[in-house]
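Inside the fold
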Amino acid sequence: MIPRWVYAPAALGVALVLLPLAGMASRVAWGDFVDLVTSDSALTALSLSLRTSLVSTVLCVLLGVPMALVLARTEFPGQGVLRSLVLLPLVLPPVVGGIALLYTFGRRGLLGDELDLLGVQVAFSTTAVVLAQAFVSLPFLVVSLEGSLRSAGQRYEVVAATLGASPTTVLRRVTIPLVLPGLVSGAVLAFARSLGEFGATITFAGSLEGTTRTLPLYIYNLRVTDPDAAVAMSLVLVVVAVVVIGLAPQRPRRTGGLR
Amino acid sequence: MTLELTAGVPDRGVDVTIEVAAGETVALLGPNGAGKSTVLAVAAGTLRPERGRVVLDGRELTGERGFVPPHARRVALLAQDPLLFPHLSVLDNVAFGPRSLGHGRRTSRESALRWLGEVDAADLADRRPGGISGGQAQRVAVARALAAEPSLLLLDEPMAALDVAVAPALRQTLRRVLADRTVVLVTHDVLDALLLADRVVVLDDGRVVEDGPSAEVLSRPRSPFAARIAGLNMVAGLWRDGAVLGDDGVAIRGLAAEAGPAPGERVVAVFRPSAVSVFHEAPGGSPRNSLAVTVTDLEPHGDQVRVRAGHLAADLTVQSAAELDLAPGVRVVFAVKATEVYVYRT
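Along each chain, numbering runs from 1 in the same order as the chain's sequence is written. The order in which chains are written sets their letters, starting at A; the order in which ligands are written sets their numbers, starting at 1. The predicted nature of this model means local features are confined to residues of pLDDT at least 70 and side-chain atom pairs, given and counted, to a pLDDT of 80 or more, with totals for whole chains, interfaces and linings taken over all residues.

1. Here's the deal with the overall build of chain B
What counts as a helix is a DSSP run of H or I of at least four residues, what counts as a strand is a run of E of at least two, and both are numbered from the N terminus. Across its full length, chain B holds nine helices and 22 strands. Taken over C-alpha atoms, the radius of gyration comes to 22 Å for chain B, in line with the 20 Å a tight globule of 346 residues would show. By the criterion used throughout, residues are in contact when their C-beta atoms, derived from the backbone, lie within 7 Å. For chain B, the share of sequence-separated contacts (at least 6 apart) that also reach a separation of at least 24 residues comes to 66%. Atoms counted for the radius of gyration: C-alpha only. Globule rule: 2.2 Å times the number of residues to the power 0.38.

Here's what the structure looks like:
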């Protein structure tokens, strides 16, 4: 039982989230809606957003799963500090992340000369968009997965090892399947965060149509010149976000056989 | 297949050396914290002792020269919880070991099905672990451990988490499948030690305090722990009409824990002293077994009194013992319900 009065601030909170969405929806020019969201530049931005977010999510999974495993399953000095640092992008303003990326991968950045020698230009390219998105999204996946790994415990892994399974087999056939719900929700969160990424992208990748102008950047550009189009595209982004969140498992799957 | 194990873990105050001969089942008994689980962990390779050595079949698994990781030891562990992988079917759980040994999917499933049959659980093959009972799950876990073809099997209180109603059937299954295997069994239950193990090793405070054949250690215990857990009543005899006809002439009705012994087969009836009631006169018209005996001894037993009559014993509250005015030489009747008596083939 919760006290009745709790409902009042709770409702206020829900209103804070939903009212602006309603406000935005009320401004949608429905007559032109289809034309606005299917214009060439709109579709280019949407497609760029979806593609870069997908790639950055894959990158997050490839790097984040090993990170979560190291954080959850090993112990070493300085682990706590390392975890805090890895999670830094969660609390860092994205624009600061963008500046950090620029001075690392940019032409005059930390790795600029090395990348130049290889003939690679990262800043202001689609690669930069993906890097910026992965930078801000990685902690979401790591946090979600580390929690799942810790709550799943190591007992099944020990049993699997005594049944003759090598560490790689245990990871593939036991650990990953057991934490799959956590992994999926982490990946969905990372994808959603990538899709909404703005600050780091515009700082590190700029806003070049077709190359780095993702949907949030496109909307930001339009909001003065063509408010109707900006509102229409915003609605599209809201719908995509709702669909993505709807795909995430709401509750971890019950693990059977445990008392 | 022989096991030689020395485990020195000063952190846990454990310093134990045990040997298990090929095909032998050794029961590790001892109070909580005596070091039983530590010994299993050292054998399984999940714990690397500060000092110690594990040699299985002449292969050094833990030692100064090296350390074989758990998955390469061929040492399977069966814990109190079945820990079936919840995302795999029962069949794939059992096939996990064969698959890890490098066998193909088909071969692995075939051998899994065979092992499920071995523990009378073949009908569960397509079920999910979440949908079967605790006793069934533990049967499957036994099959899974055996399917991994271990050289050494470690059992950590395999029946502790089960209902008393299903434990006897699983114990029978274990009795069958553990024969001729090299096994270390950690248990709190004297019945397990008696029926499953060839030899009993009693640990206390991280040291071996007793080591010998099960029957010997349990009938003539020298350590306080062995004495406390031993003291089951046992009557050996022939199976006739649902009763054990004792060699000393008594007849005891009981539940056959395994599929019906043949008439005339040699069996043993086992019951706990706490299941025995004591009367001056045989209680009339009751379904209980009544045994006329002469009290030979009375001794304190925890907060109760253990009444001994020859090789049988009954545990009574101090009050009941006083009301019955018991003393050595008094003739009384020991009564025990047939449902409290377990009958095993010998």
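2. Comments concerning the interface of chain A and chain B
Across the contact, 18 residues belong to chain A and 23 residues belong to chain B. Where the side of chain A that touches chain B is concerned, the elements lending two or more residues are α8 (155-162) and α9 (167-178) of chain A. By residue number, the principal contributor to the side of chain A that touches chain B is α8(A), which donates seven residues. Only Asp, Glu, Lys and Arg are considered charged, only Ala, Val, Leu, Ile, Met, Phe, Trp, Tyr, Cys and Pro nonpolar, and every remaining residue, Gly among them, polar. Each residue belonging to the side of chain A that touches chain B can be placed in one class, and the counts come to 10 nonpolar, seven polar and one charged.

3. Some thoughts on the pairing of strand β3 (residues 25-29) of chain B
Residue and element names in this part refer to chain B. The buried count for β3 comes to five of five residues, which makes it a mostly enclosed element. Residues with at least 20 neighbouring C-beta atoms inside 10 Å of their own are called buried, those with 12 or fewer are called exposed, and the rest are partly exposed, where every C-beta is derived from the backbone. Burial along β3 is two-sided: the residues T25, A27 and L29 and V26 and L28 are all buried. Strand pairing requires that DSSP identify at least two bridges connecting the strands. Inspection of the sheet shows β3 paired to strand β8 (residues 183-186) by four bridges, in the parallel sense. By the bridge assignment, T25 is partnered in β8 with V183. Sheet analysis places β3 next to strand β9 (residues 199-204), joined by four bridges and oriented parallel. Bridging across to β9, A27 finds its partner in V200.

4. Digging into the sheet that holds strand β16 (residues 277-279) of chain B
Residues and elements named next belong to chain B. Strand order across the open sheet formed by three strands is β16-β21-β17, with antiparallel pairing between neighbours. One side of each edge strand has no neighbouring strand; the edge strands of this open sheet are β16 and β17 (288-294). Averaged over all neighbouring strand pairs, the angle between strand axes comes to 30°, with direction disregarded. All axes here are fitted lines through C-alpha atoms, helices being fitted over the stretch that makes contact, and every angle between N-to-C directions spans 0 to 180 degrees.

5. Topic: the confidence of the model for chain A
This prediction gives chain A a mean pLDDT of 90; 96% of its residues lie at or above 70. pLDDT measures the predictor's confidence residue by residue and takes values from 0 up to 100. The low-confidence segment residues 252-259 of chain A, where pLDDT is below 50, has 16 contacts with residues more than four positions distant or belonging to other chains.

6. Concerning unusual backbone geometry
Residues and elements named next belong to chain B. Residues other than glycine seldom take positive phi values, yet D205 does so here, at roughly 55°. Inspection of the secondary structure assignment puts D205 in the loop between β9 and β10 (207-213). Backbone geometry places D325, a non-glycine residue, at a positive phi of 55°. Looking at the secondary structure, you find D325 in the loop between α9 (318-323) and β21 (331-337).

7. Overview of the domain arrangement of chain B
Note that the domain bounds reflect an automated or database-derived domain assignment. Taken as a whole, chain B is organised into domain 1 (3-229) and domain 2 (233-345). Between the C-alpha centres of domain 1 of chain B and domain 2 of chain B there is a distance of 32 Å.

8. A short note on the environment of V170(A)
All names here are of chain A. Relative to the helices and strands, V170 is located in helix α9. Separated by 12 residues in the primary sequence, V170 and V158 have C-alpha atoms spaced 8.9 Å apart. Not counting chain neighbours up to four residues away, the residues in contact with V170 comprise E157, A160, A161, A165 and T175.

9. Details of the sheet that holds strand β18 (residues 297-301) of chain B
Residues and elements named next belong to chain B. Judged by pairing direction, the sheet is antiparallel, and its three strands sit side by side in the order β18-β19-β20 without closing on themselves. Every other strand in the sheet has two partners, leaving β18 and β20 (312-317) as the edge strands with one partner each. This sheet shows a mean twist of 30° between the axes of neighbouring strands, independent of strand direction. Taken together, the five bridges between β18 and strand β19 (residues 304-309) define a ladder with antiparallel strand orientation. Each residue of the ladder has a partner; that of L298, found in β19, is V307.

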